[in-house]
Amino acid sequence: MFMRIDHIGIACNDLEEKIALFSELFELEVVAREVNEEQGVKEAMLRIADADGGGSYIQLLEPLSPDSPVGKFLAKRGEGVHHVAFGVPDVAEAMSKIGDKGVRLLDERPRHGSMDSKIAFLHPKDVGGMLTELVQAAKS
Ligand code: MC0
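Residues numbered from 1 in each chain as written. Predicted model: local features only at pLDDT ≥ 70, side-chain atom pairs only at ≥ 80, totals over all residues. Heavy atoms only, no water.

Colleague: Please clarify how the nonpolar core should be interpreted in this entry.
Modeller: Proteins that are soluble and globular tend to have nonpolar side chains buried together. Residues Ile10, Cys12, Leu15, Ile19, Phe22, Leu28, Ala44, Leu46, Ile58 and Leu60 constitute the largest nonpolar core, which totals 10 residues. Those elements that provide at least two residues to this core are helix H1 (15–26), strand E3 (41–49) and strand E4 (56–63). The element contributing the most residues to this core is H1, with three residues. Residues in contact with Leu15, not counting those within four places in the same chain, are Lys42, Glu43, Ala44, Leu60, Leu61 and Glu62. If you look at the next biggest cluster of nonpolar residues, it comprises nine residues, including Ala94, Ile98, Ala120 and Leu122. (Core = buried A, V, L, I, M, F, W, Y, C linked by side-chain atoms within 4.5 Å. Buried < 20%, exposed > 50% of the residue type's maximum accessible area, 1.4 Å probe, protein only. Helix = DSSP H or I, 4+ residues; strand = E, 2+ residues; numbered from the N terminus. Contact = heavy atoms within 4.5 Å.)

Colleague: What exactly am I supposed to notice about the sheet that holds strand E5 (residues 80–87) here?
Modeller: Within the open sheet, the eight strands sit side by side as E2-E3-E4-E1-E5-E8-E7-E6. Their pairing is mixed. Two strands in the sheet have a free side with no partner beyond their single neighbour: strand E2 (29–36) and strand E6 (111–112). When strand E1 (residues 4–11) meets E4, the two strands line up parallel, connected through five bridges. Note on E4: the bridge partner recorded for Ile8 is Ile58. (Pairing = 2+ DSSP bridges.)

Dropping the structure here:
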């Protein structure tokens, strides 16, 4: 069902500082930036690769407030990998298939994600401790 890894989301305290770090270390380019109020984040996408079904990225996430998902994560665990996002052709179909397997969906319907994608999250406790995001890229 999964086509690819769409992105790895990394929680950080200072977005600009981590953009500078990742750009410098890995020579990655920032291809999108957004404030996503619904998710409580300010984020940037750094492109790793392009592919027909959608690219792959490092996503840097700074919380908009301490009580947002990323704010709580930072307080509890500190900076680091926050989630892994799998690219799927149809996010609603993937939600339905995975929900039928007993995995708790954290979203009842697809939500707006980076670069006009449609996204949905799966509970980390049902996926081996990994917060998992399903992403339908805008162009797929
Ligand atoms: C919490 N837990 C995690 C985790 N966050 N485990 C792995 N990775 C994470 N990121 C664990 C906690 O340690 C805890 O385990 C258990 O899950 C429940 O966590 P909690 O602290 O009791 O509950 P909350 O209130 O922090 O909620 C956690 C939950 C929430 C994952 C349900 O953060 C959520 O709904 N996330 C989905 C939305 C999201 O993360 N949005 C930000 C990215 P223990 O063992 O201690 O009980 S938005 C994004 O990425 C968009 C912009 C995009 O891609 O386009």
